[in-house]
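Residue strings, one per chain:
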Amino acid sequence: KAGVTQTPRYLIKTRGQQVTLSCSPISGHRSVSWYQQTPGQGLQFLFEYFSETQRNKGNFPGRFSGRQFSNSRSEMNVSTLELGDSALYLCASSLPRGTGGRSPLHFGNGTRLTVT
Amino acid sequence: AQKITQTQPGMFVQEKEAVTLDCTYDTSDPSYGLFWYKQPSSGEMIFLIYQGSYDQQNATEGRYSLNFQKARKSANLVISASQLGDSAMYFCAMRESNNNAGNMLTFGGGTRLMVKP
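Fair warning: this is a prediction, and the values are worked out from it, not measured in the lab. (Residues numbered from 1 in each chain as written. Chains lettered and ligands numbered in written order. Predicted model: local features only at pLDDT ≥ 70, side-chain atom pairs only at ≥ 80, totals over all residues. Heavy atoms only, no water.)

All names here are of chain A. The buried fraction of strand β4 (residues 31–38) amounts to 8 of the 8 residues, a majority that puts the element mostly inside the structure. With burial as the criterion, each face of β4 is covered, one bearing Ser31, Ser33, Tyr35 and Gln37 and the other bearing Val32, Trp34, Gln36 and Thr38. As defined by bridge partners, β4 adjoins strand β5 (residues 42–50) across 8 bridges and the pair is classed as antiparallel. From the neighbouring strand, Val32 faces β5, where its bridge partner is Tyr49. Taking the residues that link successive antiparallel strands as the turn, the β4-β5 hairpin has 3 residues. In this sheet, strand β9 (residues 87–94) lies alongside β4 in antiparallel orientation, the contact comprising 7 bridges. Along β9, the bridge assignment pairs Val32 with Ser93. (Buried < 20%, exposed > 50% of the residue type's maximum accessible area, 1.4 Å probe, protein only. Helix = DSSP H or I, 4+ residues; strand = E, 2+ residues; numbered from the N terminus. Pairing = 2+ DSSP bridges.)

Before going further, it helps to spend a moment on the interface of chain A and chain B. Contact with chain A, which involves 24 residues of that partner, is made by 23 residues of chain B. Together, the buried faces of chain A and chain B total about 1900 Å²; carbon and sulfur atoms form 49% of this surface. Our enumeration of links across chain A and chain B arrives at 0 salt bridges. For the pair chain A and chain B, the number of links is 6 residue pairs in polar contact (both at pLDDT 80 or more). Secondary-structure elements contributing two or more residues to the side of chain A that touches chain B are β4, β5, β6 (53–57) and β9 of chain A. Per-element tally for the side of chain A that touches chain B: the top contributor is β4(A), with 4 residues. Among the residues forming the side of chain A that touches chain B, the class breakdown is 10 nonpolar, 9 polar and 5 charged. (Contact = heavy atoms within 4.5 Å. Buried area = accessible area lost by both parts, 1.4 Å probe. Salt bridge = Lys/Arg side-chain N within 4 Å of Asp/Glu carboxyl O. Polar contact = N/O pair within 3.5 Å; in protein donor to acceptor, adjacent residues only side chain to side chain. Nonpolar A, V, L, I, M, F, W, Y, C, P; charged D, E, K, R; others polar.)

Turning our attention to the state of the cysteines. All names here are of chain A. Scanning the model with the defined rule gives 2 disulfides over all chains in all. The side chain of Cys23 participates in a disulfide bridge whose partner is Cys91; the two sulfur atoms lie 1.8 Å from each other. In this structure the cystine formed by Cys23 and Cys91 twists about its S-S bond by roughly -60 degrees; its chirality is therefore left-handed. Of this pair, Cys23 sits in strand β3 (residues 19–24) while Cys91 sits in strand β9, and the two are 68 residues apart along the sequence. (Disulfide = S-S within 2.5 Å.)

Reported here for the largest pocket is a volume of approximately 930 Å³. Lining the largest pocket we find 38 residues, and of these A:Thr38, A:Gln41, A:Gly42, A:Leu43 and A:Gln44 sit closest to its centre. Looking at the lining of the largest pocket, the elements that each hand over two or more residues are β4, β5, β9 and β11 (111–115) of chain A together with β1 (4–5), β10 (88–96) and β11 (106–107) of chain B. The leading source of residues in the lining of the largest pocket is β5(A), at 4 residues. Split by residue class, the lining of the largest pocket holds 16 nonpolar, 19 polar and 3 charged. (1 Å grid on protein atoms, 1.4 Å probe; cavity = no way out; pocket = protein on both sides within 12 Å on 5 of 7 lines; lining within 4 Å. Points joined across faces, edges and corners; volume = space filled by probe spheres on them.)

Residue and element names in this part refer to chain A. Read from one edge to the other, the open sheet built from 4 strands follows the order β1-β3-β8-β7, with strand pairing classed as antiparallel. The open sheet terminates on both sides in strands that have one partner only, identified here as β1 (5–7) and β7 (64–68). For this sheet, the mean angle separating the axes of adjacent strands, direction not counted, is 20 degrees. One ladder, built from 5 bridges, connects β3 with strand β8 (residues 74–78); its direction is antiparallel. If you follow Leu21 over to β8, its bridge partner there is Met76. (Axes fitted to C-alpha atoms, helices over the stretch in contact; angles between N-to-C directions.)

Applying the stated rule across the entire model yields 8 salt bridges over all chains. Between B:Lys73 and B:Asp26 there is a salt bridge, and its shortest N-O distance comes to 3.7 Å. In this pair, B:Lys73 is assigned in the loop between β8 (64–69) and β9 (74–79) and B:Asp26 in the loop between β4 (24–25) and β5 (32–39), connecting sequence segments 47 residues apart. Of the residues examined, B:Lys73 reaches a relative accessible area of 29% and is grouped as partly exposed. The class of B:Asp26 is partly exposed, set by a relative accessible area of 38%. Here the residues in one salt-bridge network are A:Arg63, A:Glu82 and A:Asp85, joined through shared partners.

Printed below as a string of structure tokens:
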């Protein structure tokens, strides 16, 4: 079974630009979550999508947005990039929590974004 | 207040010895789950082990086991017979079961484990 696939692996952008990251979940997983990982703030939850609806959102500005498609694939978008947005962005997929709390989140390899 | 605390930023362990990585948590939710993940330098997050708050026994998965002390709100990861490939960052995470939590995980700051040959 294929794991969570994130593209691209690396991105270099300039301040003020926007960026779109993609995530394909494990087949059958309908919940997709996004996390930002930085040396200073650690791992922080961005948002979760389930059945094309945002179910939960972390404490990030509106420049960070996402969506989920009918095939459960998800994208996140960051507009007006700032230097502080440089981070590893991790996507995770999971079975819905209601199917049993034991279902772990399975993470992709991440997209490393560098903003210059 | 920190919900997940990992007090050991870095640890060394001799190859083939056992090591315990500490994790304490804070929640008022009676139903929650605790996870441990391993993150090698490549960046991927690898799921290791899960403990549910109502589980009667400590979780075990191969060389990984959880020392779960609910009253103390601690869920320490024990790695037996350390191997060089165990060198990585280790994260403790919690998923609460209130309606707003969904599949959101709260992570600790991590512990960098270095296995010495």
